[in-house]
Structures are given as structure tokens and as C-alpha cells.
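Geometric and topological summary
For reference, the chains in residue letters:
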Amino acid sequence: MSFVPTRVPAPPRRPGTVAVAVGDVSHRGRAVDLRGTGVSPEELVAAVHTASTPGATVRRPELPVDCERAGPVHAHVSRIPPRSFDLRDALVAAARSHGLVPAAARPLERARAELAAASADLDTVDLSSAKRRVADAGTRARRLDERVATLRGRLEALREVGADTSAVEADLAEAVASLTEVETERIAADQRLAQVERAARAARDGRERRLHLADHVANLRRRARRELVSAVFDDFGAALATLPGDAEVGDDPASYRGDATTAALAVARLARVAAPLVVSVDRFGSPAEAATRLDAPVIRV
């Protein structure tokens, strides 16, 4: 009797952990050590992004990862050391990861709605075409008026000498009819121009309102970001003091003195992080220590 080996399915990943398949080996846990596997930080960051971002899927991932969904802060601390890092943006994301809502949020929402409504009311006003139609009708009316005057003079001259006036009378009648039609067009063009000019003034007022609303939205957005940063900045300083690295927190993000890696570690410790952090810097004794001190899943590479 022959025995056919079968692959036993891997157990489900526990919440708060990460699973990475490198070749035929599955690495699981709160802290995963992939040093020596040949996997690069770039590959891991891309794989974690694919696994932790809804909708960001590939047909056959070269590096399958199973993990929690990424929050807003993950874009800033997914890789440590980070390629680029803006402390203020990261602190805003960290505050949002805790569900903090700035006082400016409601006014900002209303201002954005007003700006969207104002932008939806955009009308194209063709003032130059309206002016051109008025000018064209006026030119045609003047020419026909001159022709009518000329024909009337010719008609009077023919009558004085008793000559046949039938042809001139027909031409005059036709010219008068054309002049009447063009005068009607000119009046309509004048009225249309007046309407377009009113619309143009309204459009200018609308543009000024939209510019004002856009400035208001930008000011409120900056205010909201300042409120979020202020809400977590003391906690950022406290996190900084508990982590390895030489840095001075200062009074605000602009006065922070230290490297981006230390700041990113403190933001990661401060924020609620569910998706794993890809760590490729020697700041901790082990991946398990990094996961414990950062309070987040860690993949060491």
C-alpha cells in the first residue's frame, strides 16, 4: 500500500499578526525575521501594501503576505528607515489613527460643500460673440439705411422727370424690408448683449466667491492640521523618549532635532498601527523587541 503525501493547509492567521510566504516556507507571528532570505525591503513594502490595501491586488503575488488592513499612518511609517518623511503629515495621520477629530472639521466640511456647489454652477459666458453680433447687425443696418436713402433720392429724381419708377420702387421696397429685418435682429442682439453682460458680471462675482471659498477651505484645512498635531505632539515626545535614537523633540514639528528614522519610530509607537512595519535598521535587539516597543507587527529584513 503506497502513501501519497498531502500538503496540510496553514492555520488561519491570528489577529494582530502577519504571515509571509517565502518560497515554500511560511513565516508567521507578531514579529517576523526575514533576514538572510534574500527578500528586499522594497519587495516587502510592496507586498504589504498589496495585502493591506483594499482593492490593491495582483493576480499572482510573488511574495504572498497576509496581514491586517493599513491605516492612514502606514503611508508614513510602512518602511523604517523611511525613504522620505514629513513629521507634520505623519503626526496628522497618527492623530487620525486614534479617531481624533479637530474642532475645525465641521466648518471645513461645510466650506468644502459650499466650494463644490459654487464650482458646479460654472457657466461659460461668451461676451465677445454677443458683442460681435451687435456690431455686425449695426454695420448691416447702416449699409441698408444708406441704400434706402439712395433709392429714395433716385425715385424722387425719376418722378421729377416723369420717367418709369417701377424698378426703383421694387428695389426700394426690398431694401426697406431688409432694413426692417436687420433692425429687428439688431434690437435682439442688443438685448442678448445686455443679458450676457449681466451674466458676465455674475460670473465674475462667482469667481471671486470661489476664490474666497478656496482660501477659506485652505485656511480651515491648515487649522485642522495644527489642531491634530497639537493634540498628539506631547505624546510624540513621550514616545521619542522611550525609543533608541538621539533626538530632541522641540516645541513643534519645525523645531524637532533628529533623524527621520527616530521620528518615524516614535510616530509608529504613538499611532495605532495594524499592518506590519518593514524594519531594516538596527535599533532593537530582536524583531520581537521591536514589535513590543513599537506595539505593532514587525517584519525585520
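Here, the structure is the one placed above.
Residues numbered from 1 in each chain as written. Predicted model: local features only at pLDDT ≥ 70, side-chain atom pairs only at ≥ 80, totals over all residues. Heavy atoms only, no water.

1. Describing the overall build of the protein
- Regarding its fold elements, the protein presents 8 helices and 7 strands.
- Against the compact-globule benchmark of 19 Å for 301 residues, the protein has a radius of gyration of 38 Å, which places it well outside the compact range.
- When contacts within the protein are restricted to residue pairs at least 6 apart in sequence, long-range pairs at least 24 apart make up 64% of them.
- For the protein, the accessible area works out to roughly 18100 Å², and carbon and sulfur atoms hold 50% of it.
- Of the side chains in the protein, 45 bear a positive and 42 a negative charge, and the two mean positions are spaced by 6 Å. (Helix = DSSP H or I, 4+ residues; strand = E, 2+ residues; numbered from the N terminus. Rg over C-alpha atoms; globule rule 2.2 N^0.38 Å. Contact = heavy atoms within 4.5 Å. Areas by Shrake-Rupley, 256 points an atom, 1.4 Å probe, with all protein chains shown as cover. Lys, Arg positive; Asp, Glu negative; His and termini not counted. Charge placed at Lys NZ, Arg CZ, Asp CG, Glu CD.)

2. Some details on the nonpolar core
- Grouped together as the largest cluster of nonpolar side chains are 37 residues, with contacts concentrated most on Val73, Leu91, Phe236, Val267 and Leu277.
- Counting residues per element, the ones that place at least two in this core are helix H3 (87-97), helix H6 (166-242), helix H7 (260-270), strand S6 (277-279) and helix H8 (287-294).
- Those residues in contact with leucine 91, other than ones at most four positions away along the chain, are Val229, Val232, Phe233, Phe236, Pro253, Val267 and Leu270.
- Ranked by size, the runner-up nonpolar core spans 15 residues in total, among them Val18, Val32, Ala47 and Val65. (Core = buried A, V, L, I, M, F, W, Y, C linked by side-chain atoms within 4.5 Å. Buried < 20%, exposed > 50% of the residue type's maximum accessible area, 1.4 Å probe, protein only.)

3. Digging into the pairing of strand S1 (residues 18-22)
- Across the 5 residues that make up S1, a large majority, 4, are buried.
- Relative to strand S2 (residues 25-29), S1 runs antiparallel, the two sharing 5 bridges. Directly across from alanine 21, in S2, lies its bridge partner serine 26.
- Taking the residues between adjacent antiparallel strands as the criterion, S1 and S2 are bridged by 2 residues, where glycine 23 takes a positive phi near 65°. (Pairing = 2+ DSSP bridges.)

4. With respect to the sheet that holds strand S7 (residues 298-300)
- Taken together, 4 strands build an open sheet; the order of strands is S3-S7-S6-S5 and the sheet is parallel. Two strands close off the open sheet at either side, each with one partner strand: strand S3 (31-33) and strand S5 (79-80).
- Inspection of the sheet shows S6 paired to S7 by 3 bridges, in the parallel sense. By the bridge assignment, valine 278 is partnered in S7 with isoleucine 299.

5. With respect to empty space enclosed by the protein
- Summed over all chains, the structure comprises 1 cavity of 30 Å³ or more.
- In this structure, the largest cavity spans a volume of roughly 60 Å³.
- Lining of the largest cavity is provided by Arg35, Val279, Val281, Asp282, Arg283, Phe284, Ser286, Pro287, Ala290, Val298 and Arg300.
- Contributions of two or more residues to the lining of the largest cavity are made by H8 and S7.
- In the lining of the largest cavity, the residues fall into 6 nonpolar, 1 polar and 4 charged. (1 Å grid on protein atoms, 1.4 Å probe; cavity = no way out; pocket = protein on both sides within 12 Å on 5 of 7 lines; lining within 4 Å. Points joined across faces, edges and corners; volume = space filled by probe spheres on them. Nonpolar A, V, L, I, M, F, W, Y, C, P; charged D, E, K, R; others polar.)

6. A few points about the packing of aromatic side chains
- As enumerated under the stated definition, the model contains 2 aromatic pairs in all.
- Considering the side-chain rings of phenylalanine 233 and phenylalanine 236, the 5.8 Å spacing of their centres and the 35° angle between planes classify their relative orientation as tilted. Placement of the pair is phenylalanine 233 and phenylalanine 236 together in helix H6, with a separation of 3 residues, close to one helical turn. (Phe/Tyr/Trp six-rings, centres within 6.5 Å; stacked < 30°, edge-to-face > 60°.)

7. Focus: H8
- All of the buried residues in H8 are Pro287, Ala290, Ala291 and Leu294. Along the long axis of H8, the arc covered by the buried residues comes to 95°, so they all point the same way.
- Structurally, H8 contributes buried residues whose contacts are with S3, H7, S6 and S7. (Arc of directions from axis to C-beta.)

8. Points about the environment of alanine 177
- For alanine 177, the location among the structural elements is in helix H6.
- Spatially, the C-alpha atom of alanine 177 lies 95 Å from that of proline 244, the residues being 67 residues apart in sequence.

9. Quick look at the packing of H3 against H7
- Relative orientation of the contacting elements H3 and H7 amounts to 10°, with a least axis distance of 9 Å. Regarding the angle of H3 to H7, the classification is roughly parallel. Contact with H3, carried on its side by Leu87, Ala90, Leu91 and Ala94, involves Ala263, Val267 and Leu270 of H7 and no other residues of that element. (Axes fitted to C-alpha atoms, helices over the stretch in contact; angles between N-to-C directions. Parallel < 35°, antiparallel > 145°, perpendicular 65-115°, else oblique.)

10. Details of the pattern of salt bridges
- Counted under the stated rule, the structure contains 15 salt bridges.
- As a salt-bridge pair, arginine 186 and aspartate 190 come within 3.2 Å of each other at their nearest N and O atoms. Separated by 4 residues within a single helix, arginine 186 and aspartate 190 lie in helix H6, roughly one turn from each other.
- Exposure remark for arginine 186: the relative accessible area of 27% places this residue in the partly exposed category. (Salt bridge = Lys/Arg side-chain N within 4 Å of Asp/Glu carboxyl O.)

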